Amino acid sequence: MPRRDEREEFEARRETLDRGESVARKETAEQLQQRLSTPAWLFAAAKAKFRWAAGQELTEEEYRAALEAAAKEVIRNA
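Residues numbered from 1 in each chain as written. Predicted model: local features only at pLDDT ≥ 70, side-chain atom pairs only at ≥ 80, totals over all residues. Heavy atoms only, no water.

Enquirer: Would you explain unusual backbone geometry in this entry?
Expert: Note on backbone geometry: most residues besides glycine have negative phi, and most peptide bonds are trans. For serine 37, which is not glycine, the phi torsion reads 55° and is therefore positive. Tracing the sequence through the fold places serine 37 in the loop between helix H2 (29-36) and helix H3 (40-49). Here the phi dihedral of arginine 51 falls at roughly 50°; this positive angle occurs in a residue that is not glycine. Along the chain, arginine 51 falls in the loop between H3 and strand S2 (57-59). Using a relative accessible area of 58% as the deciding quantity, one classes arginine 51 as exposed. (Helix = DSSP H or I, 4+ residues; strand = E, 2+ residues; numbered from the N terminus. Buried < 20%, exposed > 50% of the residue type's maximum accessible area, 1.4 Å probe, protein only.)

Enquirer: Looking at this structure, I do not really get the packing of H2 against H3. What am I missing?
Expert: Packed helices, taken two at a time, are described by the angle between their axes plus the distance between the axes. H3 packs onto H2 with a crossing angle of 155° between their chain directions and a minimal axis gap of 11 Å. Between H2 and H3, the angle is such that the two are roughly antiparallel. Considering the relative orientation of H2 and H3, their crossing is right-handed. Along its contact with H2, which presents Ala29, Glu30 and Gln33, the element H3 presents Ala40, Phe43 and Lys47. Here the residues of the contact of H2 with H3 are counted per class, giving 3 nonpolar, 1 polar and 2 charged. (Axes fitted to C-alpha atoms, helices over the stretch in contact; angles between N-to-C directions. Parallel < 35°, antiparallel > 145°, perpendicular 65-115°, else oblique. Left-handed = near helix turned anticlockwise from the far one by under 90°. Contact = heavy atoms within 4.5 Å. Nonpolar A, V, L, I, M, F, W, Y, C, P; charged D, E, K, R; others polar.)

Enquirer: Explain the nonpolar core to me, please; I cannot follow it from the model alone.
Expert: Note that soluble globular proteins tend to have their nonpolar side chains buried in a common cluster. By size, the foremost hydrophobic cluster in this structure holds 14 residues, and its most contacted members are Phe10, Phe50, Trp52, Leu58 and Tyr63. Of all elements in the fold, only H2, H3 and helix H4 (60-72) reach the threshold of two or more residues within this core. At 5 residues, the largest contribution of residues to this core is made by H4. Sequence-distant contacts of tryptophan 52, that is, excluding residues within four places in its chain, are made with Phe10, Ala29, Phe43, Ala46, Lys47, Leu58, Tyr63 and Ala66. (Core = buried A, V, L, I, M, F, W, Y, C linked by side-chain atoms within 4.5 Å.)

Function cannot be read off these values alone, since they describe shape.
Spelled out as structure tokens, the structure:
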């Protein structure tokens, strides 16, 4: 599960874009994965971390921010 600060940053970026401050094209996460050649493991990590549904629409900026956060996630055994 994303840490509170990462989730807030991700949502803040999304709200900024939703207000129309930047006209950004949205694509599905799967389309972005193919277009940007994202490794399957990293895509799966971001999808799980941010609970994306199949066909979740994101801007490229949102997608890249989520990938960056997922890549920095520390996995620990319970």
